Amino acid sequence: MYVAVKGGEQAILNSHKLIAEERRGDTEVPELSLAQIKEQMQLAVDRVMTEGSLYDRDLAALAIKQAQGDLLEAIFLLRAYRTTLTRFGESEPIDTSCMAVRRRISAAYKDLPGGQVLGPSYDYTHRLLDFALAAEEGVGAPEAEAAEAGVDESIPRVTDILNHEGLIEEETALDGDAGAVADLTREPLRFPAGRDLRLQNLARGDEGFLLALGYSTQRGYGRNHPFAGEIRLGEVAVEFVPEELGFPIELGEITVTECQMINQFAGSAGRPPQFTRGYGLSFGHCERKTMAMALVDRALRARELDETVEYPAQDEEFVLYHSDNVEASGFVQHLKLPHYVDFQSELQLIRSLRRRHDEEQQEAAE
Amino acid sequence: MALATSLNASGGIDTAELRPGLADPVHDSQHIFRGLLTALAHPGRPVTLPGDVAGPEPLDPATTAVALTLLDYDTPLWIDWIADTPPLRAYLKFHCGCPLVERSQDAAFGLVTDPENMPRLALFAQGRDQYPDSSASLLLQVPSLEEGPAVTLKGPGIRETATIRPAGLPDWFWNDWRLNAAQFPLGVDIFFTCGRSVVGLPRSILAEG
Amino acid sequence: MDAAPRSAAPQGDGQSAPGERDPAQAARRRWMSVLAKAKLNELESAWEDLAQKPAYDWLRRPEVGMVMVRARTGGTGGRFNLGQMTVTRCALRLASGEAGLGYVQGRSKRHAELAALFDALLQDEGRRGELEDSVIAPLEASHLDRRTARSRKANSTKVNFFTMVRGENE
């Protein structure tokens, strides 16, 4: 059986032209600039950078424009572009305790050193559509209040404060930074996955998938009783040791969101009852994502903490294999590709099965 | 480029001699890469590489060109003792950024300028069943591609047979190559380099000496 | 670090703890960080204001690449790879011999070039003092200003809890 495999070229070219026109939309409306996307669609840019796994606001804005606002398509574009760049190396680990904090809240402690800094957040809005934003003349230049002084230079992490009582597990680099760090961009997933591999996977994982899984742990599909120990947003310096120098220099600053979840833990044979931790971290301002990530990170630690693995969020193969929206969308959408030959063979199979079925029915009847 | 002159006038900062890399890194390396593909597609056929670049001693231009094209931050490199000099290390680290490893087994690429004393082929990474591509590629710089004993090649990319005459190889070499070819799809791939020429010898090729 | 090209690292031996034992290294570390975090237009005007602009040759033309950003589990634990960031780097040598290095976030080749030029110039002890005052200090101040402005706005959203003290019954 032969199937036409050529002939679609002109149709494809014309489809490109059509999508270009549709992307532009009504030409009476001014064209969107990358600067506008970068400045006024910041949270979309942040999501695309985080899941595209590349910190570059301009490229993320371009990807969003090119994808007509389809963020998963934009993430795919960014991932694809990334493969064209050489890697110079790995940064020194960023230090979130030295963050220039713009938002920092804790749901576990009211009065804590550094205080509760609400920062820019939709949490305290009424979720009523604001028609002022729809006004013809626009919003002008809204101005935020500014305090006399800035927030404290260095704000301790809530988890570090709890540590003093020994009631929460400590996070230390057990190997003294001697070992290799797993890297998904260089090696495929392998199981059992270490926490480094899991966190890298979750950091670039799909927000919707992680949100649903995190939610499932709260609803009982995973033993979990979480507190948002701390969420912080702000800028951290990225230090890098160039081969030519041998000492670290700052390359610049990136915005990150960090979430420390604190979870109850009844203890096991090897561990006393104490709080355990789940960690979430993202590029830009992706608060929901980091919270979900922290819940799933904790759930995936089940084996390490001698808990029974019985729910989806605790199953690392299930979670890590299905978290990546570029892979997921590729596999789901490949069903659109021609499967003409496959389908012909399935047709023949069904026909012969049907024939046998009918014959058997007839025999039974006789 | 006036690079060489500026380097000679080292002005008292430092006396290290850092030779220039490819004049036009993007396009030169694309041309060289194309040349290497040709060399692997037609095993045994010498390919003259573009991008005449003078690397540090003892590298020939072809060896330097291949190194500058294929090596980067993600390709651990093992170099043999003759090539392993501070200027060469500095050159590769600056231009390629490749990590240098002590054990040949850990390398993605092996750079050999003294084949007579090189490690046995089995001492380089052979690849794994799931990922045969994780085996090593060897750059073997030989004193001549024409004056050694004749070896007949057969396999994909060769219509009937091809003959190569790389000189300076150890006497165990072609026996090791038979063992290498026998474990296909695992095994190392080889580029012989000399002057500005390269000859490809992929693992799929059978050789008779 | 004997393998690193010394040409670009005249003062660093790469062995001592960053910026602690070696004041020259600490100084270079500081100015390179300031140059990386500066705005391109600030660097351009600093370059324009420069009286004697040096001639230079490339050791490595500006190239755009990536650095994998690492973080720590829980902020203090084991390392993991968060994601990559775009970085542009270059290396050049002044006619007078100093080698300058630019490593800056983003994809601006011009930013990397200017950072490398100032890095090279700052290694000339004869010019360093003046350049520190006229270029590095203002760039650093301007970075700090931006940071403080953001921080003051954030601080206006800090919660001041009122605790109601219930009167004692008498």
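Residues numbered from 1 in each chain as written. Chains lettered and ligands numbered in written order. Predicted model: local features only at pLDDT ≥ 70, side-chain atom pairs only at ≥ 80, totals over all residues. Heavy atoms only, no water.

## Digging into the overall build of chain B
Spelled out, the test is: Numbering goes from the N terminus for both helices and strands, where a helix is a DSSP run of H or I of at least four residues and a strand is a run of E of at least two. The globule rule is 2.2 Å times the number of residues to the power 0.38, and the radius of gyration it is compared with is taken over C-alpha atoms.
The helix and strand tally for chain B stands at five helices and nine strands. Starting at the N terminus and ending at the C terminus, chain B contains elements arranged as α-α-β-α-β-α-β-β-β-β-α-β-β-β. Computed over the C-alpha atoms, the radius of gyration of chain B is 17 Å, within 12% of the 17 Å expected from 2.2 N^0.38 for a compact globule of 209 residues. Taking the principal axes of the C-alpha coordinates as reference, chain B spans close to 55 × 30 × 30 Å.

## With respect to the sheet that holds strand E3 (residues 100-105) of chain A
The condition is simple: Two strands are counted as paired when DSSP detects at least two bridges linking them. Helix axes use the C-alpha atoms of the stretch in contact, all axes being lines fitted to C-alpha atoms, and the angles between their N-to-C directions lie in the range 0 to 180 degrees. Here, residues are in contact when the closest pair of their heavy atoms is within 4.5 Å.
Strand order in the open sheet formed by four strands is E3-E4-E5-E6 (chain A), with antiparallel pairing between adjacent strands. Of all strands in the sheet, those bounded by a partner on one side alone are E3 and strand E6 (276-283) of chain A. Averaged over all neighbouring strand pairs, the angle between strand axes comes to 20°, with direction disregarded. Strands in contact with helix H4 (residues 125-155) of chain C are E3, strand E4 (226-240) and strand E5 (249-263) of chain A; relative to E3 of chain A, the strand with the most contacts, it is inclined by about 15°.

## As for helix H11 (residues 325-333) of chain A
Residues and elements named next belong to chain A. Heads up, the rule is: Burial classification: accessible surface area is computed with a 1.4 Å probe over protein chains only, and a residue below 20% of its type maximum counts as buried, one above 50% as exposed, and the rest as partly exposed. The reported arc concerns the directions from the helix axis to the C-beta atoms and nothing else. The term polar contact refers here to a pair of N or O atoms within 3.5 Å; inside protein, the definition further demands a hydrogen-donor-capable atom paired with an acceptor-capable atom, and it admits residues adjacent in sequence only when both atoms are side-chain atoms.
Within the sequence span of H11, burial applies to Asn 325, Val 326 and Ser 329. One side of H11 holds all its buried residues, which, seen down the axis, span an arc of 105°. Structural note: H11 exposes Glu 327 and Phe 331 on the side pointing more than 90 degrees away from its buried face. Between the side-chain oxygen of the N-cap and the backbone nitrogen of Val 326 there are 3.0 Å, and the N-cap of H11 in question is Asp 324.

## Regarding the packing of helix H1 (residues 23-37) of chain C against H4 of chain C
Residue and element names in this part refer to chain C. Rules: Working definition: roughly parallel below 35 degrees, roughly antiparallel above 145 degrees, roughly perpendicular at 65 to 115 degrees, and oblique for all remaining angles. Handedness of a helix crossing follows the sense of rotation of the near helix relative to the far helix, less than a right angle counterclockwise being left-handed and clockwise being right-handed. Gly is placed with the polar residues, together with every amino acid not listed as nonpolar (Ala, Val, Leu, Ile, Met, Phe, Trp, Tyr, Cys and Pro) or charged (Asp, Glu, Lys and Arg).
At their nearest, the axes of H1 and H4 sit 9 Å apart, and the two run at 50° to each other. Between H1 and H4, the interaxial angle falls into the category oblique. Crossing geometry of H1 relative to H4 is assigned as left-handed. Contacts between H1 and H4 involve Arg 30, Trp 31, Val 34, Leu 35 and Lys 37 on the former and, on the latter, Arg 128, Glu 132, Ile 136, Leu 139, Glu 140, His 143 and Arg 146. Along the lines of polarity and charge, the residues of the contact of H1 with H4 split into five nonpolar, one polar and six charged.

## Some words on the side chain of Arg 79 of chain A
Residue and element names in this part refer to chain A. Topologically, Arg 79 is positioned in helix H5 (residues 71-82). A relative accessible area of 9% places Arg 79 in the buried class. Not counting residues within four places of it along the chain, the set of residues in contact with Arg 79 comprises Glu 51, Gly 52, Ser 53, Arg 204, Asp 324 and Val 326.

## Focus on the pattern of salt bridges
Our working definition: The term salt bridge refers to a pairing of a side-chain nitrogen on Lys or Arg with a carboxyl oxygen on Asp or Glu at a separation within 4 Å.
Applying the stated criterion to the full structure yields 50 salt bridges over all chains. A salt bridge links Arg 107 of chain C to Asp 56 of chain A, with the shortest nitrogen-to-oxygen separation between them at 2.8 Å. Of the two residues, Arg 107 of chain C is situated in the loop between strand E3 (99-105) and helix H3 (109-122) and Asp 56 of chain A in the loop between strand E1 (54-55) and helix H4 (57-66); the pairing between them involves two chains. Judged by its relative accessible area of 32%, Arg 107 of chain C falls in the partly exposed class. As a salt-bridge pair, Arg 60 of chain C and Glu 244 of chain A come within 2.1 Å of each other at their nearest N and O atoms.

## Some points on a nonpolar patch on the surface
Operational definition: Grouping into patches uses exposed residues only, defined as over 30% relative accessible area, and leaves out salt-bridged ones; the cut-off is 9 Å for like charges and 5 Å for nonpolar side chains (Val, Leu, Ile, Met, Phe, Trp, Tyr). Surface accessibility in these figures is a Shrake-Rupley result with a 1.4 Å probe; residues are shielded only by whichever protein chains are displayed.
On the surface, Leu 349, Ile 350 and Leu 353 of chain A cluster together into a nonpolar patch covering about 270 Å² of accessible area. On the secondary structure map, Leu 353 of chain A appears in helix H12 (residues 340-365).

## Examining a negative patch on the surface
Residues and elements named next belong to chain A. Note the following rule: Charge counting treats Lys and Arg as positive and Asp and Glu as negative, with His and both chain ends excluded. A single reference atom marks each charge: NZ on Lys, CZ on Arg, CG on Asp, CD on Glu.
A surface patch of negative charge is lined by Asp 358, Glu 359, Glu 360, Glu 363 and Glu 366. By the element assignment, Glu 359 lies in helix H12. Its relative accessible area of 44% is what places Glu 359 among the partly exposed residues.

## Things to note about the side chain of Asp 28 of chain B
Residues and elements named next belong to chain B. Structurally, Asp 28 is set in helix H2 (residues 25-41). No salt bridge forms around the buried Asp 28; measuring N to O, its nearest opposite-charge neighbour Arg 196 is 9.3 Å away. At a separation of 3.5 Å, a polar atom in the side chain of Asp 28 contacts the main-chain amide nitrogen of Ala 23. Beyond its immediate stretch of four places on either side in the chain, Asp 28 contacts Leu 22 and Ala 23.

## Some remarks on the sheet that holds strand E3 (residues 109-112) of chain B
Think of a sheet as strands paired side by side through backbone hydrogen bonds, with each pair either parallel or antiparallel. Residue and element names in this part refer to chain B. Read across the open sheet, the six strands follow the order E1-E8-E7-E4-E3-E2; overall the sheet is mixed. Single-partner strands in this sheet number two, and they are strand E1 (47-48) and strand E2 (77-79). Against the sheet, H2 engages E1, strand E7 (189-194) and strand E8 (197-201), with an angle of about 45° to E8.

## Section: the confidence of the model for chain B
Residue and element names in this part refer to chain B. Operational definition: Every residue is assigned a pLDDT by the predictor, reflecting its confidence on a scale from 0 to 100.
Taken as a whole, chain B shows an average pLDDT of 89; of its residues, 92% reach a score of 70 or greater. Mean pLDDT across the secondary structure elements of chain B bottoms out at helix H1 (residues 3-8), with 31, and peaks at E7, with 98. Below a pLDDT of 50 lies the segment residues 1-16, which in the model reaches 26 contacts outside its immediate sequence neighbourhood of four places, other chains included.

## As for the pairing of E7 of chain B
Residue and element names in this part refer to chain B. Summarising burial for E7: six of the six residues are buried, a large majority. The alternating pattern of E7 places Asp 189, Phe 191 and Thr 193 on one face and Ile 190, Phe 192 and Cys 194 on the opposite face, and all of these are buried. As paired elements, strand E4 (residues 137-141) and E7 share five bridges and run parallel to each other. Its bridge partner being in E7, Gln 141 is matched across the sheet by Thr 193.

## What to know about the packing of aromatic side chains
Given two aromatic rings, their pairing is described by the distance between the two centres and the angle made by the two planes. Our working definition: Aromatic rings from Phe, Tyr and Trp, taking only the six-membered ring of Trp, are treated as a pair when their centres fall within 6.5 Å; an angle between ring planes under 30 degrees marks them as stacked, one over 60 as edge-to-face, and anything in between as tilted. For a Lys NZ or an Arg CZ to count as sitting over a ring, it must be within 6 Å of the ring centre and within 35 degrees of the ring normal.
Summed over all chains, the structure comprises 14 aromatic pairs over all chains. With centroids separated by 5.5 Å and ring planes inclined at 40°, the aromatic side chains of Phe 240 of chain A and Tyr 103 of chain C adopt a geometry described as tilted. Within this pair, whereas Phe 240 of chain A is found in strand E4, its partner Tyr 103 of chain C is found in strand E3, the two belonging to separate chains. Pair check on accessibility: Phe 240 of chain A and Tyr 103 of chain C agree, each one buried. An aromatic cluster is defined as three or more aromatic residues linked by ring pairs; in this entry it consists of Trp 172, Phe 173, Trp 174 and Phe 192 of chain B. Taking the ring centre of Trp 47 of chain C as reference, the NZ or CZ of Lys 53 of chain C above it sits at 6.0 Å.

## Structural notes on the pairing of E3 of chain A
Residues and elements named next belong to chain A. When you tally the buried positions in E3, you get five out of six residues, the bulk of the element. Note that E3 and E4 share five bridges and pair antiparallel. Residue pairing across strands places Ile 105 opposite Ile 231, the latter belonging to E4.

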